[in-house]
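Read off the chains here:
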Amino acid sequence: SQELEQSPQSLIVQEGKNLTINCTSSKTLYGLYWYKQKYGEGLIFLMMLQKGGEEKSHEKITAKLDEKKQQSSLHITASQPSHAGIYLCGADGAGTASKLTFGTGTRLQVTL
Amino acid sequence: GAGVSQSPSNKVTEKGKDVELRCDPISGHTALYWYRQSLGQGLEFLIYFQGNSAPDKSGLPSDRFSAERTGGSVSTLTIQRTQQEDSAVYLCASSLDPGPNQPQHFGDGTRLSIL
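Note that the structure is a prediction, hence the values are computed from the model and not measured.

Trainee: I would appreciate a short explanation of the overall build of chain B in the present structure.
Mentor: Tallying secondary structure elements over chain B gives zero helices and 11 strands in all. Tracing chain B from N to C terminus, the helices and strands come up as β-β-β-β-β-β-β-β-β-β-β. The C-alpha radius of gyration of chain B comes to 13 Å, within 12% of the 13 Å expected for a compact globule of 115 residues. Burial status across chain B gives 46% buried among its 115 residues. Here the analysis covers contacts within chain B between residues at least 6 apart in sequence; of these, 55% occur between residues at least 24 apart. Accessible area for chain B stands at about 5300 Å²; split by element, carbon and sulfur atoms hold 45% of it. In chain B, which carries 10 positive and 12 negative side-chain charges, the distance between the mean positions of the two groups comes to 4 Å.

Next comes the structure, spelled out in structure tokens:
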């Protein structure tokens with residue numbers, strides 16, 4: 001079965017600093033999804049990457065997919081307290097998107 | 001509705017009781033998914049519906065777990081004879097269709113606690 005490893009597991013950054021979260025898959029990636037979760041809430045969809053080399057941005061968050069390395073990165077520029085939460089990557093290992101496998105998450109804290 | 005709606009938001013019950021969890025997907029979404037999130041296991045897939053049928057039930061942990069979907073809309077996840085290890089947050093998601101270009105949108109979950 002597919003496994004996703006996220007690093008780091010937790011991260012504390014000062015407001016205004018940049019940061020990167022990585023997600024590495026044990027198998028071929030057909031699609032990679034990034035979500036954010038706050039305690040007691042569901043997952044908020046951030047971005048979906050479908051092709052190798054693809055890069056997408058939304059506000060201050062940029063995600064890239066390296067198909068050859070079976071890896072995705074999520075980069076936040078000039079972090080803000082509103083970016084705090086748990087970031088989860090989810091992968092479609094079969095190309096059908098009927099079942100996603102998720103990483104264990106990266107907990108981000110942003111200090112003032 | 002605007003988003004995926006789950007009820008109840010919290011449920012506390014005694015070991016051995018049956019529980020029903022409800023999910024209202026986004027209107028028009030044909031695919032519906034149930035996941036479970038627990039401290040030790042992370043986020044795990046349980047079952048997926050396309051319309052009213054469930055092509056993939058591979059994640060249901062035991063025969064105490066069952067799910068159905070009616071009218072291509074609302075789904076209920078039923079856990080019979082609950083055990084303490086069933087304590088978790090149960091998340092429901094829906095997507096426009098099950099294709100790879102459609103992201104799954106999640107509800108806020110039902111937090112289930114078994115005493």
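Trainee: What is the right way to look at the sheet that holds strand β6 (residues 55-58) of chain A in this model?
Mentor: Within a beta sheet, neighbouring strands are joined by backbone hydrogen bonds and run either parallel or antiparallel to one another. Residue and element names in this part refer to chain A. Reading across the sheet, the five strands line up as β1-β3-β8-β7-β6 and stay open at both edges, with antiparallel pairing between neighbours. Each end of this open sheet is capped by a strand with a single partner; those strands are β1 (4-7) and β6. For this sheet, the mean inter-axis angle between neighbouring strands, taken without regard to orientation, is 15 degrees. The pairing of β6 with strand β7 (residues 61-66) spans four bridges and is antiparallel. Bridge assignment links Ser-57 to a residue of β7, and that residue is Thr-62.

Trainee: Explain the interface of chain A and chain B here, please?
Mentor: Put simply, an interface is often sized by how much accessible area is lost when its parts join up. Listed as interface residues are 20 residues of chain A and, on the opposing side, 21 residues of chain B. Summed over both sides, the interface between chain A and chain B buries roughly 1600 Å², with carbon and sulfur atoms accounting for 53% of that surface. The interface formed by chain A and chain B includes one salt bridge. Where Asp-56 of chain B meets Lys-99 of chain A, a salt bridge forms, and the shortest distance between an N and an O atom there is 3.6 Å. Our count for the chain A to chain B interface comes out at five residue pairs in polar contact (both at pLDDT 80 or more). Those elements giving two or more residues to the side of chain A that touches chain B turn out to be β4 (32-37) and β5 (43-49) of chain A. Residues belonging to the side of chain A that touches chain B are distributed by class as follows: 10 nonpolar, seven polar and three charged.

Trainee: Would you mind showing me how to read the packing of aromatic side chains here?
Mentor: Any pair of aromatic rings gets described here by the distance separating the centres and the angle formed by the planes. Considering all chains together, one arrives at eight aromatic pairs over all chains under this definition. Measuring from centroid to centroid gives 5.3 Å for Tyr-35 of chain A and Phe-106 of chain B, while their planes differ by 85 degrees, and the two rings are edge-to-face. Separated into two different chains, Tyr-35 of chain A in strand β4 and Phe-106 of chain B in strand β10 (residues 105-106) make up a pair that spans both. Of the two residues, Tyr-35 of chain A and Phe-106 of chain B, neither departs from the other in class, the shared state being buried.

Trainee: What exactly am I supposed to notice about the state of the cysteines here?
Mentor: Structurally, a disulfide amounts to a covalent bond that connects the sulfur atoms of two cysteines. All names here are of chain B. Following the criterion strictly, the structure yields two disulfides over all chains and no others. One disulfide in the model links Cys-23 with Cys-92; its S-S distance is 1.9 Å. The disulfide joining Cys-23 to Cys-92 has a torsion of about -65 degrees about its S-S bond and is therefore left-handed. Of this pair, Cys-23 sits in strand β3 (residues 19-24) while Cys-92 sits in strand β9 (residues 88-95); the two residues are 69 residues apart in sequence, bridging distant segments of the chain. Residue classification places Cys-23 among the buried residues on the basis of a relative accessible area of 0%.

Trainee: Could you clarify how one ought to interpret the layout of surface pockets in this entry?
Mentor: The method is simple in principle: a probe with the dimensions of a water molecule rolls over the atoms, and the space it marks as empty is what remains. Space inside the largest pocket adds up to approximately 820 Å³. When residues of the lining of the largest pocket are traced back to their parent elements, those giving at least two are β9 (85-91) and β11 (106-111) of chain A together with β4 (31-38), β5 (42-50), β9 and β11 (110-114) of chain B. Here the element with the most residues in the lining of the largest pocket is β11 of chain A; it accounts for four residues.

Trainee: How should I be thinking about the pattern of salt bridges in this particular structure?
Mentor: Side chains that carry opposite charge are capable of pairing whenever their charged atoms lie near each other. Residues and elements named next belong to chain A. Under the criterion given, the structure shown has six salt bridges over all chains. When the shortest N-O distance is used, the salt bridge between Glu-55 and Lys-64 registers 4.0 Å. Exposure remark for Glu-55: the relative accessible area of 47% places this residue in the partly exposed category. By relative accessible area, which is 41% here, Lys-64 ends up partly exposed.

Cut-offs used in this document
- Residues numbered from 1 in each chain as written.
- Chains lettered and ligands numbered in written order.
- Predicted model: local features only at pLDDT ≥ 70, side-chain atom pairs only at ≥ 80, totals over all residues.
- Heavy atoms only, no water.
- Helix = DSSP H or I, 4+ residues; strand = E, 2+ residues; numbered from the N terminus.
- Rg over C-alpha atoms; globule rule 2.2 N^0.38 Å.
- Buried < 20%, exposed > 50% of the residue type's maximum accessible area, 1.4 Å probe, protein only.
- Contact = heavy atoms within 4.5 Å.
- Areas by Shrake-Rupley, 256 points an atom, 1.4 Å probe, with all protein chains shown as cover.
- Lys, Arg positive; Asp, Glu negative; His and termini not counted.
- Charge placed at Lys NZ, Arg CZ, Asp CG, Glu CD.
- Pairing = 2+ DSSP bridges.
- Axes fitted to C-alpha atoms, helices over the stretch in contact; angles between N-to-C directions.
- Buried area = accessible area lost by both parts, 1.4 Å probe.
- Salt bridge = Lys/Arg side-chain N within 4 Å of Asp/Glu carboxyl O.
- Polar contact = N/O pair within 3.5 Å; in protein donor to acceptor, adjacent residues only side chain to side chain.
- Nonpolar A, V, L, I, M, F, W, Y, C, P; charged D, E, K, R; others polar.
- Phe/Tyr/Trp six-rings, centres within 6.5 Å; stacked < 30°, edge-to-face > 60°.
- Disulfide = S-S within 2.5 Å.
- 1 Å grid on protein atoms, 1.4 Å probe; cavity = no way out; pocket = protein on both sides within 12 Å on 5 of 7 lines; lining within 4 Å.
- Points joined across faces, edges and corners; volume = space filled by probe spheres on them.

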